[in-house]
Structure formats: structure tokens, C-alpha cells
Amino acid sequence: MSMFELDERMADLVMAYCRERLALDPVPLDYPGVKAELDAALDGLLAPGGQDVERVLSVFAEKLAPAVISCDSPRFLSFIPAAPTKAALLFDMVVSCSSLQGTSWLEAAGAVSAENQVIRLIADLAGLPPGAGGVFVSGGSAANLSALVVARDMSHRRGVGAARPKVAVSDQAHASVSKALHVAGMDALVVPTGGNRLTGEALRRAVAGQEDQLAAVVATAGTTNAGIVDDLEAVGSYARELGAWFHVDGAYGGAAVFSDRVRPRYRGLRHADSFVVDPHKWLFAPFDCAALVYRDPGKAKAVHTQDAGYLDVLHTDAPEEWNPSDYAYHLTRRARGLPLWFSLAVHGTDAYRDAIDAALDLAVTATELIGRRPYLELLREPELSVVLFRRTGWSADDYHKWSMQLLVDQVGFVTPTVWLGETVARFCFLHPNTTSEMVGDILDSMGP
Ligand SMILES: Cc1ncc(COP(=O)(O)O)c(C=O)c1O
């Protein structure tokens, strides 16, 4: 049978696997893999002749998949987890099997319209003007880079003459921001943050005397390590005063604009020239999906549009033309905003608000559970869904051993972090199915 014809048996086997995976409740955590075992399982599979589909699928299901820690398990509380809705996962399959791309209006108007409906919703919640628009890219790192390249070019137009313009960032900004500056040929002007929150005053002090070299200010709406939302109002209005580009990295915490309870803290987003939120984090979309929204998308278009004879056909004067490829450093792109669009449409935005509020509530419950255990100490009140705490008397080595044992026992995946120079424990809650019992079990495992 030709590989371009549908093999019904293969389809049944793969669909059955997908159905089973979608129905897992709870999703097991699974383990990191052992290289020698993985190599042995893969040995000889890629050969001039094909293998039986059942054999290949069983290598995946029995050897490879269990060696991937499931970031959609409700016990995955490390880094930033994932919690895609079933609707979003199902529609991701539609996007894949329809080869749905979202590169240009000419090729993909239907997909682009739906993606833009979601970008519009996010822009409205962020308080950005009606002209705002953007694109879904692969992740927060790609979004930060794409936005900061626009900021750099706009600073040149504004007359910032420095060969390497500066970008004010807090010492808590995500690692991808400094990588983006490196790629874009700019230098970080690191603003020390006393309480780990970037404030207008600290920014003003740090920038003093270097205003003419400043291309942009980056604020974080939900720091990765502690979930702190910078003072977006003060920082944004100062950036405006200077004429510098104001970029807000909400890759993790930006999703909380869906929550009526915390949205007031995001008021300063209205000053943003660009704003990033990763639906593959706290907006319950599958990987890989980050929304990048510009106040004035025309500026991004002037920087990112790729020109070539074979692409001229994409660029017309038609007012409805919207080419997602023009708003980031990419050309061909998967219509990766569609799983979120579908899930939002079938569940409604209230369900998103409630799911985000559930994680905020669980963070508060976790602080109470920590408070009831004399061997634990809360390090700061959570602002979003990250909780930092210490086990008294533990060394860094103790945290690492405990973290590994938790995984071996399949109780949870919680990795230590470094906070103010000290190794401590950190939870990041996103999954609505994470229960206070699961959290209690993890805390008990740190007991005397
Ligand atoms: C605040 C922040 N910005 C950017 C990123 C990078 O996002 P991605 O991993 O999707 O590239 C993260 C990832 O955790 C983040 O928390």
C-alpha cells in the first residue's frame, strides 16, 4: 500500500491509542528515561524497509512514552506545567490531520480569521486598543525575541543612536529575554528589584543618565520563579514618557487577565507595545502555542515581513489581508492557535476564568497546608499560582534527593529552585485536577 493511502488498520491503532491517552484520568507522571534502554528499544527501527505498525506503536507506547514525564499530570507541579483541555487536544488532531497552516491570508483565511478572533479576545482583556493584533508563535521565547527585534528597529527610527541599544529588564526577567537581547544585538540594563518586583521608581533610578540609549523596557506579568506581577502601570507609563518600547512578558501569568479577581493588577498592560501570553501554559492549550499581541501591528509588519518575488502575491492592498507570517521571525507556521480557539468556543470564557481561579485558590490552600506543618516555612504569599517554601534544616542536596524520590514514588514532580541564593521548594499550580490531597501528600513526604 502506498504511504499516501489511508491504512485502516494503522488508523484504528493510532486512534485507539489517542482515545486511550485522552481518557487517562489521572494521567500518570511517568519517569525520566534510561538512555541504554531507550537506545535498545529504538535499535534497527529506521531501516530501508518499513516495520509493522503494531510493533512501532508498541515501542512508542511501552518504551518511549513512559520515559516522558507527563507535564499534563495533575501531579506535575514543577517548572510551568501544562493542562490542555480535551477539546483543545482533540482539535489539535484536526489541525494535524488537515495539515492546517496559517501562514498567509491567501492560503489560510479561514484559519487566520479564527486565530485572530482569539488574539482579539486577549487584546481586549489586556486593555489594548482596537487596532491591536498579532500572531501565535511557538513559545514565549520566540515571542519575546520577535517583539524585541521590533523594539530595536523602532528605537533606531526614534533616533536611539547606540550601536548596541539598551533594554531595561528586571533581575527576575525570564532567561529567554537575555537570550533574545543577545540575538538582537542589544544589552540588558538590569534593574535590581528589592522585593523582586520591577517598580517605576527602581526603573527610573537604573535608567538615569542612559535614557538616550534605551530601546525598550521589559516587564514581567508573572515571574517564572515566584509568580510576581511587576508594577505594570508605573513601569509602562515611565516607558511611555521616555518613548521607549514597552514589552510585557506574560508567558506564564498573562493568562490571569481572564480572572476578574486579578485583572486589576494588569491594568498597566494598556501601555504595552507588545504583550506575550503562552496558551500552552495557563490557557489550557497543547504545545506549542504563544500569543504575541502588538499595540500597533504595522510596526511589526514593517520589521518582519519577508520579501521575495515568490512572496509578492501574498502582499496586496486588500484591507482584510492579514498574514501571520508578517508579525514574527517566521514564514511557514502551523495554525497553532486553533486548538485554543475551538476549546474557547465550546467551553466559553467563563470556564477559563473558573479554571484559572481554581489554581489561584489552590495556591492559597497550599499556603495553609504549609502553615500547618511546623517543619515547613512559606517564603512569600503567592500572587498567582506559584508557591515558594522551605523545609527547615535541609541542604540543596536534601531537596534534590527528595524531588527524585517523589518521582520514583509517583507522588509528584516538584523540582527545587534557587530563591534569594538559597535552594528551596516551589509549586506551580495550573491543572484544575490537582487536589489539596495531592499537595498534602507531597508536603507530608518532607516530614521529619
Ligand atoms: C515569564 C516567561 N517568559 C518566557 C518563557 C519562555 O516560554 P517558552 O518556554 O514557551 O519559550 C517562560 C517559560 O516558562 C516564562 O515563564
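Everything below is about the structure printed above this text.
Quick notes on the rules
Residues numbered from 1 in each chain as written. Predicted model: local features only at pLDDT ≥ 70, side-chain atom pairs only at ≥ 80, totals over all residues. Helix = DSSP H or I, 4+ residues; strand = E, 2+ residues; numbered from the N terminus. Rg over C-alpha atoms; globule rule 2.2 N^0.38 Å. Buried ≥ 20, exposed ≤ 12 C-beta atoms within 10 Å, placed from the backbone. Contact = placed C-beta atoms within 7 Å. Near = placed C-beta within 6 Å. Nonpolar A, V, L, I, M, F, W, Y, C, P; charged D, E, K, R; others polar. Pairing = 2+ DSSP bridges. Axes fitted to C-alpha atoms, helices over the stretch in contact; angles between N-to-C directions. Expected span 1.5 Å × (residues − 1). Arc of directions from axis to C-beta. Left-handed = near helix turned anticlockwise from the far one by under 90°. Core = buried A, V, L, I, M, F, W, Y, C linked by C-beta atoms within 7 Å. Parallel < 35°, antiparallel > 145°, perpendicular 65-115°, else oblique.

Draft legend 1. Summary view of the overall build of the protein chain. Helix and strand content of the protein chain: 15 helices and 11 strands. For 448 residues, the compact-globule estimate of 2.2 N^0.38 gives 22 Å, and the C-alpha radius of gyration of the protein chain, at 23 Å, lies within 12% of that figure. With the principal axes as the frame, the protein chain shows a C-alpha extent of 65 × 60 × 40 Å. Across the 448 residues of the protein chain, 44% fall into the buried class. Taking all contacts inside the protein chain whose residues are at least 6 apart in sequence as the whole, residues at least 24 apart take part in 75%.

Draft legend 2. The arrangement of the environment of Leu-269 in detail. Here Leu-269 is to be found in the loop between strand 5 (245–249) and strand 6 (274–277). With 158 residues separating them along the chain, Leu-269 and Ala-111 place their C-alpha atoms 27 Å apart. In contact with Leu-269, other than residues within four places in its own chain, are Ala-126, Gly-127, Leu-232, Val-248 and Phe-275.

Draft legend 3. Highlighting the site of the ligand. Within the structure, the ligand sits among 13 residues, and Gly-139, Gly-140, Ser-141, His-174 and Ala-251 are positioned closest to it. Looking at side-chain class alone, the shell around the ligand contains 4 nonpolar, 7 polar and 2 charged residues.

Draft legend 4. Up close: the sheet that holds strand 4 (residues 214–220). Spatial strand order, 1-7-6-5-4-2-3: 7 strands in an open sheet with mixed pairing. Of all the strands in the sheet, the pair left with one neighbour each is strand 1 (133–137) and strand 3 (187–191). Along the sheet, successive strands turn relative to each other by an average axial angle of 20 degrees, direction set aside. In the packing of helix 6 (residues 140–158) onto the sheet, the strands contacted are strand 1, strand 2 (166–170), strand 4, strand 5, strand 6 and strand 7 (290–294), and the crossing angle to strand 5 comes to about 175 degrees. On top of the sheet, helix 8 (residues 200–207) reaches strand 2, strand 3 and strand 4; it is set at about 130 degrees to strand 3, its chief contact.

Draft legend 5. Region of interest: helix 4 (residues 86–97). Between its first and last C-alpha, helix 4 extends 17 Å over 12 residues, near the 16 Å set by a 1.5 Å rise per residue. Burial in helix 4 covers these residues: Ala-88, Phe-91, Asp-92 and Val-95. The arc that holds the buried residues of helix 4, viewed along the axis, is 115 degrees, so those residues lie on one side. Of the exposed residues in helix 4, the ones pointing more than 90 degrees away from its buried face are Ser-96 and Cys-97. In this structure, the buried side of helix 4 is in contact with helix 12 (338–347).

Draft legend 6. Molecular detail of helix 7 (residues 175–184). Considered for burial, the residues of helix 7 that qualify are Ser-176, Val-177, Ala-180, Leu-181 and Ala-184. Relative to the axis of helix 7, the buried residues are bounded by an arc of 145 degrees and lie together on one face. Exposed positions of helix 7 whose direction lies more than 90 degrees from the buried face are Ala-175, His-182 and Val-183. Positive backbone phi, at 70 degrees, marks Gly-185, one or two positions downstream of helix 7.

Draft legend 7. Geometry of the packing of helix 13 (residues 349–371) against helix 15 (residues 436–444). Helix 15 packs onto helix 13 with a crossing angle of 35 degrees between their chain directions and a minimal axis gap of 10 Å. Here helix 13 and helix 15 pass one another in a crossing that is right-handed. Here Leu-362, Thr-365, Ala-366, Leu-369 and Ile-370 of helix 13 come into contact with helix 15, specifically with Ser-436, Val-439, Gly-440 and Leu-443. Its residues placed into classes, the contact of helix 13 with helix 15 shows 6 nonpolar, 3 polar and no charged.

Draft legend 8. Representation of the pairing of strand 6. Here strand 6 shows a buried face lined by Ser-274 and Val-276 and a second buried face lined by Phe-275 and Val-277. Where strand 5 meets strand 6, 3 bridges bridge the pair, whose relative direction is parallel. In the sheet register, His-247 faces strand 6, and the bridge partner there is Ser-274. Where strand 6 meets strand 7, 4 bridges bridge the pair, whose relative direction is antiparallel. For Phe-275, the partnering residue across the bridge sits in strand 7 and is Val-293.

Draft legend 9. Broad picture of the nonpolar core. Core analysis: the biggest nonpolar cluster contains 126 residues, and Leu-292 and Val-293 have the highest contact counts within it. Not counting chain neighbours up to four residues away, the residues in contact with Val-293 comprise Ile-119, Ile-122, Ala-123, Ala-126, Leu-128, Ala-132, Gly-134, Ser-274 and Phe-275.

Draft legend 10. Molecular detail of the sheet that holds strand 11 (residues 422–428). Pairing in this open sheet of 4 strands is antiparallel, and the strands run 8-9-11-10 from one edge to the other. Looking at which strands have only one partner, the edges of the open sheet turn out to be strand 8 (376–378) and strand 10 (416–419). Across this sheet, the average inter-strand angle for adjacent strands is 45 degrees, counted without regard to direction. Where strand 8 lies against strand 9 (residues 386–391), 3 bridges are found, and the strand directions are antiparallel.

Draft legend 11. Seen up close, the packing of helix 6 against helix 7. Across the interface, helix 6 lies against helix 7 with an axial gap of 9 Å and an inter-helix angle of 45 degrees. Between helix 6 and helix 7, the angle falls in the class oblique. Of the two possible hands of crossing, helix 6 and helix 7 adopt the one that is right-handed. Where helix 6 approaches helix 7, its residues Gly-140, Ser-141, Asn-144, Leu-145, Leu-148, Val-149 and Arg-152 are matched on the opposing element by Ser-176, Val-177, Lys-179, Ala-180, Leu-181, Val-183 and Ala-184. Each residue belonging to the contact of helix 6 with helix 7 can be placed in one class, and the counts come to 8 nonpolar, 4 polar and 2 charged.

Draft legend 12. Structural view of the environment of Arg-295. Among the structural elements, Arg-295 can be located in the loop between strand 7 and helix 11 (297–304). By the C-beta count within 10 Å, which is 23 here, Arg-295 ends up buried. With 22 residues separating them along the chain, Arg-295 and Asp-273 place their C-alpha atoms 4.9 Å apart. Once residues within four sequence positions are removed from consideration, Arg-295 is found in contact with Leu-128, Pro-129, Ala-132, Ala-272 and Asp-273.

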